[in-house]
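Chain residues, written in single-letter form:
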Amino acid sequence: MKNPSEDQGAPAVESTAGPERSAQSRAAHPVPPVHDEQHGTRNRVARSILDHGPSTAAELALRLELTQAAVRRHLDALAAEGVVEPREKRVYGARGRGRPAKAFALTDCGRDAFDQAYDQLASDALRWIAQSAGGGALGEAAVAAFARARLAAQAKGYQAAVEAAEPEDRTQALAEALTADGYAATARSAPNPQLGEQLCQHHCPVAHVAEQYPQLCEAETEVFSRLLGTHVQRLATIAHGDGVCTTFIPKAGAGKTAHRSGERTTKTTTASASTAGRNPA
């Protein structure tokens, strides 16, 4: 559905009976400034990318009920401000003819506008934990122990929702619980649906801290594995520079099916949480 005020540079203003509006009328029915309306729409565009991950102009136009031309103008403005950046959209299966559409992802600067975590305080606290434990391997182990304890406490709120769901719906239940905590998570089929699902977190409140301390990602992956009762593999993380944190959850018996069909699934179905926070080779 098109929004006329987006296609034109300014909002439409109804004509008045007289040559000018009275002061009382202007006070009762103020005309919003064009800049404020455009700024609000740009925030909606950025928020949609945060909630759904890297998106094309066509996908954003459909979700926000705007014209593609209007969305592209806002994307250009956001890109000029360093809030979003274009990336080549990942295509699964055979690629069609023509140039692939560009997908726009939030930059670190763009994510900062939504993050409310105290990154510097968290980094300082983890650094103190590592140094107090003696640094080196002992320090890393201390940070890992803290991360596991933190995620274990956080997971208590997810456990009831996951256990109440049917086995085939548990990834979706976990995604909804994560979304309630600000991770903007979704569950979807993997490129090969017979092998499993993908849990996608489009936002991470501690992404900047996890860049320095990947133990946070590793502990989170371990928690997902326990909650879902299966080995999982972290395929991508925002902390590593990816647009979305993506975790692969195999279906029961998927490894045997893939083996019979001659596919190699060792990396996907038996990877441990030790790969969390890093892209697979």
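All figures in this text were calculated on a predicted structure; none of them were measured in a lab. (Residues numbered from 1 in each chain as written. Predicted model: local features only at pLDDT ≥ 70, side-chain atom pairs only at ≥ 80, totals over all residues. Heavy atoms only, no water.)

Asker: Which residues make up helix α11 (residues 215-228), and what values go with them?
Answerer: For α11, spanning 14 residues, the distance from its first C-alpha to its last is 20 Å, which sits close to the expected 20 Å at 1.5 Å a residue. Taken as a whole, α11 has its buried residues at Gln215, Leu216, Cys217, Glu218, Ala219, Glu220, Thr221, Val223, Phe224, Ser225, Leu227 and Leu228. Downstream of α11 by one or two residues, Gly229 has phi in the positive range, about 70°. (Helix = DSSP H or I, 4+ residues; strand = E, 2+ residues; numbered from the N terminus. Expected span 1.5 Å × (residues − 1). Buried < 20%, exposed > 50% of the residue type's maximum accessible area, 1.4 Å probe, protein only.)

Asker: Summarise the packing of helix α8 (residues 136-164) against helix α9 (residues 170-180); cite the residues concerned and give the values.
Answerer: Running from N to C, α8 and α9 cross one another at 150°; their axes reach a closest spacing of 8 Å. Looking at the two axes, α8 sits roughly antiparallel to α9. The handedness of the crossing between α8 and α9 is right-handed. Residues Tyr158, Ala161, Val162 and Glu163 of α8 form the contact with α9, whose own contacting residues are Arg170, Ala173, Leu174, Ala177 and Leu178. (Axes fitted to C-alpha atoms, helices over the stretch in contact; angles between N-to-C directions. Parallel < 35°, antiparallel > 145°, perpendicular 65-115°, else oblique. Left-handed = near helix turned anticlockwise from the far one by under 90°. Contact = heavy atoms within 4.5 Å.)

Asker: Outline the pattern of salt bridges, listing residues and values.
Answerer: For the structure on display, the rule yields six salt bridges. Here Glu220 makes a salt bridge to Arg234, at a shortest N to O gap of 2.7 Å. Of the two residues, Glu220 is situated in helix α11 and Arg234 in strand β5 (residues 233-236); the sequence distance between them amounts to 14 residues. For Glu220, a relative accessible area of 10% puts it in the buried group. According to the relative accessible area criterion, Arg234 is buried, its value standing at 0%. (Salt bridge = Lys/Arg side-chain N within 4 Å of Asp/Glu carboxyl O.)

Asker: Mind laying out the nonpolar core, listing which residues take part and the relevant values?
Answerer: If you look at the biggest cluster of nonpolar residues, it comprises 28 residues, and the most contacted ones within it are Tyr158, Leu174, Leu178 and Leu199. Secondary-structure elements contributing two or more residues to this core are α7 (119-132), α8, α9, α10 (207-212) and α11. Per-element tally for this core: the top contributor is α11, with seven residues. Here Leu174 is in contact with Tyr158, Val162, Leu199, Phe224, Leu227 and Leu228, once residues within four sequence places are set aside. Within the second largest apolar cluster, 16 residues are counted, among which are Val45, Val71, Leu75 and Leu78. (Core = buried A, V, L, I, M, F, W, Y, C linked by side-chain atoms within 4.5 Å.)

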